[in-house]
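Results of the structural survey
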Amino acid sequence: MLDFDKQYIPLDNWINDFIDWLVAGYRWFFQGIKWPVEFTLTGIEHGLVAIHPLIVIAFFTLVAWRLSGVKLSIFTLVTLVFIGLLGLWQATMITLAMVLCAVVFCTVVGIPLGILAGRSNRFDSALRPVLDAMQTTPAFVYLVPIVMLFSIGNVAGVLATIVFALPPIIRLTSLGIRQVHPELVEAALAFGATNWQVLRKVQIPLALPTIMAGLNQTIMMALSMVVIAALIGAGGLGAPVIRGLNSLDIGLATIGGLSIVLVAIVLDRITQSLGKTKQNN
Amino acid sequence: MVKIAVKNLFKVFGDDPRKGLEMIKSGKTKEEIYEQEKLTVGVQDATFDINKGEIFVVMGLSGSGKSTLVRMLNRLIEPTAGEVLVDGENVLTMNRAELVDFRRSKTSMVFQSFALMPHRTVIDNAAFGLELSGADKAKRYERCATALKQVGLEGWENAYPNQLSGGMQQRVGLARGLAVDPDIMLMDEAFSALDPLIRTEMQDELLKIQDHDERTIVFISHDLDEALRIGDRIAIMEGGRVVQVGTPEEILQNPADEYVRAFFRGVDPTGVIAAGDIARDSQPTVVWHTPQGSIRATLELLNTRDMEFAYVLDSEKRYYGIVSTDTLREALERGSTKINDAFITEAQAVQVTESLQDILPDVASRTWPIPVVDENNVYKGVVSKNRFLRTLQRAGDGTHFETQESQANPQPEQEPAHA
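These numbers come from a predicted model, not from an experiment.

1. Topic: the nonpolar core
Generally speaking, nonpolar side chains in soluble globular proteins are found buried as a group. Ranked by internal contacts, the top residues of the largest apolar core, which has 117 residues, are Ile4(B), Leu69(B), Leu174(B), Met187(B), Leu206(B), Phe219(B) and Phe388(B). No other element matches the six residues that helix α8 (residues 166-179) of chain B contributes to this core. Built from parts of two domains, this core gets at least three residues from each of domain 1 (52-74 + 89-106 + 182-265) and domain 2 (275-396) of chain B. What Met187(B) contacts, discounting residues up to four positions off in sequence, is Val110(B), Leu174(B), Leu206(B), Ile217(B), Val218(B), Phe219(B) and Ile220(B). Grouped together as the second largest cluster of nonpolar side chains are 67 residues, Phe105(A), Leu166(A), Ala234(A) and Ile260(A) included.

Shown next as structure tokens:
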């Protein structure tokens, strides 16, 4: 009968064949995906690295002050100076560039998808299992095909980050659209709003706080991928952590990890207050 | 002149509404259709005309299909079958662009839940309709300033809806409806969420606006009092059918069936509510054979108190008759001095024990409040039309009815809602 010591379904081989076939035949397609990401990433990265650290620090401090207040701006100032003093400024800027780049693409792709999912039940139920898979599949599983398709480096790191960080902004955009009271949509329609006007004048403005929460979550998820992305050769704050891990250098791994946490806190607080200012309106 | 003609309009909710339609036509009831096919019949075979410039009230209990009906007039709900002709043009055959244009130019709507945009200021809410049709900002604000003035909201232009009380929020809703200067205004239970005092105030406001604008208003209500107060004509709906259409008087005097009658009878089958229960001593009385009871003195009394009718009693409070300012003046002109020459001849008192059903014809047909007397002909007060209808409404709502002792406390105005 069945002998479970033998493999009857060689799914792993099939997948390997499939990936080989993809790499061989559809290189142009993956280059097409890679190119805009690479372009955006190098742009942001060069910008952040080239600008004098003090200007970058001043900019973030100012943004924190405008959006939240004195407390957050002082925290931002101290944190960024501290990271600079740890000698991790450049790594931090690379990480920031990768996170920003991933978030830009997540936003550009995620908000329209979220709006579609919010307005169509059918699209929503089709999208849902895909999002579940994106969030639950261990990153290590898709690191290998990503490396095969896009080779190692920062761009591959960003692409892996996008896969992981995209779902929250889609989900929360969809939720935000769905949470708009049906009476408000009905009222807009009764006064002769087109579908586009309903979206632009009613649904998006009212969903904005929820969309902002989604953006915040996407940023946090992107930051949590920094170390994993470093496994496939991405630079930034993940690199000292991986190096520390490999050489049992606890100190190096710790300052890398600490910097990630600090950057995460700063970005989280800033984006949270972004959502709140909109809400208070 | 007919503004809106509704012809054989049907709405069936569910997966296969056509099937439900066939079942209705083959004589199946709403319940059978739900039982067999899980299809809900919203409106069946509604046919009526709405005249230009009238307030047409659609009345019915919840679930009677009145909200569905009004939403089919501007196709917020797509009818299953039938015709809606506005100025002779069939709304149901319009394509998307025509429909959008129809909604922008001809109709507006006021909602029970107000449905104001919380992220917009009062003036931007009021300007919403104009904004959709692409009017520039200066023109929008100019038109809205007029609309806000009409509803008494000057000075609140830059407030947000959550800073306003319920009544004020609905004024914004009303201003939004008026700002586009529509031919037809659809009002879906527009005042039902407001407490009674504010509701009455808003009804007056609407009547005042209607005085010089003459729009066609379709007003949905479950409140009999409201329907009678503002409606030029009333349609009564039950289970998706329009069971009667007529003026308030016609419906009061000739209810089409048991259901319509039930509105006026309330839920009290034993007739516990009697004339004496709701009689109120709200009208001026004069005592016969005294100087104060002379024709001149009575007329003087009515003029100073700005009332129309006086009730003539003797010193034992026994009821003798009703005089009006008109009959008193006529009697004076004839040179009469005795007040019984000025009695309204048709006036009759009802007994305290008579049920509301019994006194209905009198209340409905007389312009004066009906006097109520006990078995010894002692005057106990009057029942006015308003009081009568209020009582029925209370009874119909299943809540207590007002008696002379317990008068309903008006609720404080709604707290501003917090977003």
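There is more to say after this.
2. Side note on the confidence of the model for chain B
Residues and elements named next belong to chain B. Per-residue confidence for chain B gives a mean pLDDT of 84, with 90% of residues at or over 70. Within chain B, strand β7 (residues 184-188) carries the highest mean pLDDT (95), whereas helix α12 (residues 258-265) carries the lowest (70). Under a pLDDT of 50 for its full length, residues 266-272 has, in the predicted model, eight contacts with residues more than four places off or in other chains. Low pLDDT, under 50, characterises residues 398-419; the predicted model gives this stretch 44 contacts beyond four residues in sequence or across chains.

3. Details of the sheet that holds strand β3 (residues 55-59) of chain B
Backbone-to-backbone hydrogen bonds pair the strands of a sheet. The strands run either parallel or antiparallel. Residues and elements named next belong to chain B. The strand order across the open sheet built from six strands is β6-β7-β8-β3-β9-β10, with neighbouring strands paired in mixed fashion. The sheet terminates laterally at β6 (107-110) and β10 (241-246), the two strands that pair on one side only. Between one strand axis and the next, the sheet turns by 20° as a mean value, whatever way the strands run. Examined bridge by bridge, β6 and β7 share four bridges and lie parallel to one another. Bridging across to β7, Thr107 finds its partner in Ile184.

4. As for the packing of aromatic side chains
Overall, the coordinates contain 14 aromatic pairs over all chains when judged by the stated rule. Ring centres of Phe191(B) and Phe219(B) lie 5.4 Å apart, and the angle between their planes is 55°; on these two criteria the pair is classed as tilted. Residue Phe191(B) is found in the loop between β7 and α9 (196-213), and its partner Phe219(B) is found in strand β8 (residues 216-221); the two are separated by 28 residues along the sequence. You'll find Phe191(B) and Phe219(B) in the same group, each marked buried. Relative to Phe343(B), the ring of Trp288(B) has its centre 5.8 Å away and its plane inclined at 55°; by these criteria the two rings are tilted. One end of the pair, Trp288(B), is in the loop between β11 (285-287) and α14 (295-305); the other, Phe343(B), is in the loop between α15 (325-334) and β14 (350-351), and 55 residues separate them in sequence. Residues Trp288(B) and Phe343(B) agree in their burial class; the two are buried. Counting every residue linked through ring pairs, the aromatic cluster contains Phe18(A), Trp21(A), Tyr26(A), Trp28(A), Phe29(A), Phe30(A) and Phe150(A). Above the face of the Phe10(B) ring, Lys25(B) is positioned so that its terminal group lies 5.5 Å from the ring centre. The ring centre of Tyr34(B) lies 4.8 Å from the NZ or CZ of Lys38(B), which sits over that ring.

What counts as what
Residues numbered from 1 in each chain as written. Chains lettered and ligands numbered in written order. Predicted model: local features only at pLDDT ≥ 70, side-chain atom pairs only at ≥ 80, totals over all residues. Heavy atoms only, no water. Core = buried A, V, L, I, M, F, W, Y, C linked by side-chain atoms within 4.5 Å. Buried < 20%, exposed > 50% of the residue type's maximum accessible area, 1.4 Å probe, protein only. Helix = DSSP H or I, 4+ residues; strand = E, 2+ residues; numbered from the N terminus. Domains from an automatic or database assignment. Contact = heavy atoms within 4.5 Å. pLDDT = per-residue confidence, 0-100. Pairing = 2+ DSSP bridges. Axes fitted to C-alpha atoms, helices over the stretch in contact; angles between N-to-C directions. Phe/Tyr/Trp six-rings, centres within 6.5 Å; stacked < 30°, edge-to-face > 60°. Lys NZ or Arg CZ within 6 Å of the ring centre and 35° of its normal.

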